[in-house]
Amino acid sequence: MSAGVGVDLENLWIRFGDFVAVRDANVNINGGDFFSFLGPSGCGKTTILRAVSGFLEPSDGRVLIGGNDMKGIGPNKRPTALIFQNLALFPLMKVWENITFSMEIKGASVRERRKRADELLDMIALPGQGDKLPSELSGGQRQRVAIARALCAEPDVLLLDEPLSALDLKLRQHMRTELREIQQRVGITFIYITHDQGEALTMSDSIAVMKAGVIDQIGNGKTIYNDPSTAFAASFVGENNVFRGKIKRIMGEEALIQTNRSGELVARISTANQGKMKEGDAAMMFIRPEAFALAPKGAKGTHFVTAKVNNEEFEGNVFNIFMEGDGGKELKVSIPNLGQSFEDHTGQNITLEYETKNAVIVPAGELAAE
Amino acid sequence: MPSFLKEFFKRNGTGMGSLMLGLVLFWTVGLIILPQLSMLDFSFRPNLPPPEIGGPKDVYTLENYKYLIYGPEGGSQDYNAVDLKVFFRTLVAAVCVTVFNLILCYPIAYYLAQTKGNHIRIFALMLIIPYWINEILRAFALRIIFGETGVLNNMLVGLGVFDTPFDFIRNDIALYAGLGYAYILLMIFPIYNVIESLDRNQIEAARDMGASWPMIHRRVVIPYAKPGISSGCTMVFMLSAGALAAPQILGGPSSLWFTQLIYQQFNDNSDWPQGAAYAVVLLVTCILLVLAVMRLFKVNMGDIGK
């Protein structure tokens, strides 16, 4: 999409005293995109949002909205609207007053405001609820009022700071779809902050994975999930199994890795690290639980892994097998339940196979905390 | 027994509950309501020498109240202009002190409540510690500052702002300053308490939507702080209308405070019924005024207790 106003972060640094909250972030967000910053709490993603909205001035670098440097422009003058984690609806104002507060500031008449509030209430499927107080609405309804209030200001960029985190699981999943629909309908840029990879993957056009103030990887959901560029991104987004080791031989896009526990294995070097890894480098190989299949017992080769089964569980759609893994972490395998018979392997050694295209090698690095 | 009482006894036990309830009742009934009722009773009786109390002349009368309005019987004026003037002047001055205090204290309370950091605790201490000094000393300290040969006049004359010392006392500036200063804590802390619980995000949300600072205060902070503002204003108004020491020490020779008239009736004239009537009039007027203002600003009684 080319419509909408883009946001660029150029060499953005934000420091609080000695603490570096954001380290040299470079991000180009296309106009009209749904862009997510994904990372654990304390990784600096909210700080970036506050820098875009104008509540924080960068220590270094620039924030550009629609190509204009935002330096010195306060939050009340930027074309952004922010939805807070706790929504921050005004408790003493009625819903319609909340929604049209931005119009009140500009001096719009009550009649205009009422009209606009009704339109927005229709859009968020809360018609006729304008005269209630926020406290009289449910969590999901308040959520939608906060969205309407932000959209009423007709911002070019909507910033959302984990707005779904206070909702229960069902509602959260429902609101994901709804948010995505609203974004596509209004066509403006959404910047979304979350620590929930499910939210980021389902809603976003593009995701930036953050760790301790550093942006690890930017890409669309599929790229982040299938082709992570760092150990952190591989381990933070979705479930993943790690195999530590050293590169033994580079073979074009693939490499042979000498793993600590599972012998020599072959995997694809992730796209971002192609040509950057050499023999002898410490490396990590990642294989998703669903990328394994059971292999004949004792099969040997560079795409077979043999390990002892600690326990198994039946989750309905999948059988999960937990095996002795690398570095004290269990190796998890999920076999889809297609109605096949499934014997219990607990205590036995079993052999798994995988396709090399489903195994990714990245340089050794810090893993995400569980 | 109403359910809240049942709940109260259930939570505290019968013994402890009765003790607590008894103490509260003793405080409100024994120390506040009964003495006030006896004052009310006094105010409707003539001032008689002790032997005649309970005698045939000791009947209920409105003459003490009439005195405030019409003055002594057979007096030269139609109305008791002197006392009435003092009465209204006191009320107007108390309102002025309240408004002045609100304007002064709201920013302080907002700053204290919305700023984080250790220096806030030091600020709060600096506000509280002067109140360790007793009221009379504080009032005299202000007299030293505002007096004709006081610190302020020496400074202003020295700087050449005035040729001759300005009489802050005769012009009541010292009095207003003293009353204002006496009650700032009672204004700051209720407002501070409420604003402290205001979600900072609401201010940022308003700001994000383009609101200016005056707008944020008008639409977000002040409506939220209303209970604190009203309880602060009520206390400051009531206490300054009823203040005695500050007007006594800091008031100009010609400007009496109504409480001083009451004091004179009780003490100098030994006319308790007259003093009681004046006190009742002051109390009732103040309460009515507060209720009217609360109604005007749509404040509930329950909010004041917040």
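Note that this is a predicted model, so its numbers are computed, not measured.

**Considering the sheet that holds strand β5 (residues 68-69) of chain A**
Each strand in a sheet pairs with its neighbour through backbone hydrogen bonds, running either in the same direction (parallel) or in the opposite one (antiparallel). All names here are of chain A. Pairing is antiparallel in the open sheet, where 4 strands are placed in the order β2-β1-β4-β5. Each having just a single partner strand, β2 (19-29) and β5 make up the two edges of the open sheet. Strand direction decides the pairing type here: strand β4 (residues 60-65) and β5, joined by 2 bridges, are antiparallel. Opposite I65, over in β5, you have N68 as the bridge partner. Sitting on the sheet, helix α1 (residues 45-53) touches β1 (7-16), β2 and β4, and the angle it makes with β1 is about 115°.

**Description of the interface of chain A and chain B**
Listed per partner, the contact involves 22 residues of chain A and 17 residues of chain B. Note on chain A versus chain B: buried area summed over both sides is about 1,800 Å², and carbon and sulfur give 59% of it. Along the contact surface separating chain A from chain B lie 3 salt bridges. Note that E204 of chain B and R50 of chain A form a salt bridge whose closest N and O atoms lie 2.9 Å from each other. Here chain A and chain B share 8 residue pairs in polar contact (both at pLDDT 80 or more) between them.

**Structural notes on the UniProt feature "domain: ABC transmembrane type-1" (unreviewed entry) in chain B**
Those residues carrying the UniProt feature "domain: ABC transmembrane type-1" (unreviewed entry) are residues 87-293 of chain B in this numbering. For the annotated span residues 87-293 of chain B, helix accounts for 77% and strand for 0% of the residues, and the straight-line distance between the end C-alpha atoms is 19 Å.

**Considerations on the packing of aromatic side chains**
The relation between two aromatic rings is expressed through the spacing of the ring centres and the mutual angle of the planes. Summed over the entire model, instances satisfying the criterion amount to 22 aromatic pairs over all chains. Between F266 of chain B and W272 of chain B, the ring centres sit 5.1 Å apart and the planes meet at 80°, which makes this aromatic pair edge-to-face. With relative accessibility at 18%, the residue F266 of chain B sits in the buried group. On the accessibility criterion, W272 of chain B (41% relative accessible area) is partly exposed. Taken together, the ring pairs in this structure connect F87, F88, F258 and Y278 of chain B into an aromatic cluster. The positively charged end of R149 of chain A is found above the aromatic ring belonging to F90 of chain A, 4.7 Å away from the centroid. Geometry around Y225 of chain A places R288 of chain A over its ring, the cationic atom sitting 3.6 Å from the centre.

**Topic: the side chain of S53 of chain A**
The residue S53 of chain A is located in helix α1 in this model. S53 of chain A sits in the buried class, given a relative accessible area of 0%. Here R50 of chain A takes part through its backbone oxygen, which lies 3.2 Å from a polar atom of the side chain of S53 of chain A. Here S53 of chain A is in contact with P75, R78, T80, L82 and L159 of chain A together with D208 of chain B, once residues within four sequence places are set aside.

**Topic: the side chain of S262 of chain A**
By the secondary structure assignment, S262 of chain A is in the loop between β12 (254-259) and β13 (264-269). When neighbours within four sequence positions are excluded, S262 of chain A is seen to be in contact with F243 and V305 of chain A.

**A look at the pattern of salt bridges**
Residues and elements named next belong to chain A. Going through the model one piece at a time under the given rule, you end up with 27 salt bridges over all chains. With a closest N to O distance of 3.5 Å, D281 and K278 form a salt bridge. A relative accessible area of 54% places K278 in the exposed class.

**Points about helix α9 (residues 184-196) of chain B**
Along its 13 residues, α9 of chain B runs 18 Å from first to last C-alpha, staying within 8% of the 18 Å computed at 1.5 Å per residue. Every buried residue of α9 of chain B is accounted for by I184, L185, M187, I188, P190, I191, Y192, V194 and I195 of chain B.

Conventions we followed
- Residues numbered from 1 in each chain as written.
- Chains lettered and ligands numbered in written order.
- Predicted model: local features only at pLDDT ≥ 70, side-chain atom pairs only at ≥ 80, totals over all residues.
- Heavy atoms only, no water.
- Pairing = 2+ DSSP bridges.
- Helix = DSSP H or I, 4+ residues; strand = E, 2+ residues; numbered from the N terminus.
- Contact = heavy atoms within 4.5 Å.
- Axes fitted to C-alpha atoms, helices over the stretch in contact; angles between N-to-C directions.
- Buried area = accessible area lost by both parts, 1.4 Å probe.
- Salt bridge = Lys/Arg side-chain N within 4 Å of Asp/Glu carboxyl O.
- Polar contact = N/O pair within 3.5 Å; in protein donor to acceptor, adjacent residues only side chain to side chain.
- UniProt positions renumbered as here; feature names shortened; annotations may be inferred.
- Phe/Tyr/Trp six-rings, centres within 6.5 Å; stacked < 30°, edge-to-face > 60°.
- Buried < 20%, exposed > 50% of the residue type's maximum accessible area, 1.4 Å probe, protein only.
- Lys NZ or Arg CZ within 6 Å of the ring centre and 35° of its normal.
- Expected span 1.5 Å × (residues − 1).

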